[in-house]
Amino acid sequence: MEPGNQPIPNRLKMHRKMMGYKQKEVAALLGLYNTSPLSEWENGINMPSSRYLIKLKILYRANINELYPEYFHAVREELYSKEFEVFNRE
């Protein structure tokens, strides 16, 4: 599962609402000029850069695997599979 191929499932909107924030407020807190990037992230069109992902983690008081659980698990499985290949070759 790579960004760009299909919508990237996430729980950003849920966590934003749980914190009681509006998109404009989050955009201002993140230093964004408008809400477009945030809307694209919430709708799975794009993924935030690592810097913004860390900011969202802090702002929403959530772990990255809580913000992007499906993507996190897919990447973890891919890495575990590669790890198995690398360390089990004879």
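Residues numbered from 1 in each chain as written. Predicted model: local features only at pLDDT ≥ 70, side-chain atom pairs only at ≥ 80, totals over all residues. Heavy atoms only, no water.

*Asks:* Looking at this model, I keep getting lost on the overall build of the chain. Mind explaining?
*Replies:* When helices and strands are counted, the chain shows 6 helices and 0 strands. Reading the chain from its N terminus to its C terminus gives the helix and strand order α-α-α-α-α-α. Here the C-alpha radius of gyration of the chain, 15 Å, is well above what a compact globule of 90 residues would show, namely 12 Å. On the principal axes, the C-alpha backbone points of the chain span a range of 55 × 25 × 20 Å. When the 90 residues of the chain are sorted by exposure, 26% land in the buried category. Long-range pairs, those at least 24 residues apart, make up 57% of the contacts in the chain with a sequence separation of at least 6. A total of about 6400 Å² of accessible surface is found on the chain, and carbon and sulfur atoms cover 53% of it. Both charge centroids of the chain, one from 13 positive and one from 11 negative side chains, sit 12 Å from each other. (Helix = DSSP H or I, 4+ residues; strand = E, 2+ residues; numbered from the N terminus. Rg over C-alpha atoms; globule rule 2.2 N^0.38 Å. Buried < 20%, exposed > 50% of the residue type's maximum accessible area, 1.4 Å probe, protein only. Contact = heavy atoms within 4.5 Å. Areas by Shrake-Rupley, 256 points an atom, 1.4 Å probe, with all protein chains shown as cover. Lys, Arg positive; Asp, Glu negative; His and termini not counted. Charge placed at Lys NZ, Arg CZ, Asp CG, Glu CD.)

*Asks:* In this structure, what is going on with the pattern of salt bridges? I would like to understand it.
*Replies:* Side-chain pairs of opposite charge can arise whenever the charged atoms involved come near each other. This model, assessed by the stated rule, comprises 2 salt bridges. Of the charged contacts, one joins Glu42 and Arg16 as a salt bridge, the two residues approaching to 2.6 Å between their closest N and O atoms. Of this pair, Glu42 sits in helix α3 (residues 36–42) while Arg16 sits in helix α1 (residues 12–19); the two residues are 26 residues apart in sequence, bridging distant segments of the chain. Judged by its relative accessible area of 11%, Glu42 falls in the buried class. Between Glu77 and Arg76 there is a salt bridge, and its shortest N-O distance comes to 3.9 Å. We classify Glu77 as partly exposed; its relative accessible area is 45%. With a relative accessible area of 30%, Arg76 lands in the partly exposed category. (Salt bridge = Lys/Arg side-chain N within 4 Å of Asp/Glu carboxyl O.)

*Asks:* When you look at the packing of helix α2 (residues 23–30) against helix α4 (residues 50–60) in this model, what are you seeing that I'm missing?
*Replies:* Describing two packed helices takes the angle between their axes plus the distance from one axis to the other. Where α2 meets α4, the axes come as close as 11 Å, and the angle between the chain directions of the two elements is 120 degrees. By the angle between their directions, the pair α2 and α4 is classed as oblique. In the packing of α2 onto α4, the handedness of the crossing is right-handed. Two secondary-structure elements touch here, α2 through Val26, Leu29 and Leu30 and α4 through Tyr52, Lys55, Leu56, Leu59 and Tyr60. For the contact of α2 with α4, the class distribution of residues is 7 nonpolar, no polar and 1 charged. (Axes fitted to C-alpha atoms, helices over the stretch in contact; angles between N-to-C directions. Parallel < 35°, antiparallel > 145°, perpendicular 65-115°, else oblique. Left-handed = near helix turned anticlockwise from the far one by under 90°. Nonpolar A, V, L, I, M, F, W, Y, C, P; charged D, E, K, R; others polar.)

*Asks:* Explain unusual backbone geometry to me, please; I cannot follow it from the model alone.
*Replies:* If a residue is not glycine, its phi is most likely negative; likewise, a peptide bond is most likely trans. The phi angle at Arg61 is positive, at roughly 55 degrees, despite the residue not being glycine. Positionally, Arg61 belongs in the loop between α4 and α5 (64–67). By relative accessible area, which is 63% here, Arg61 ends up exposed.

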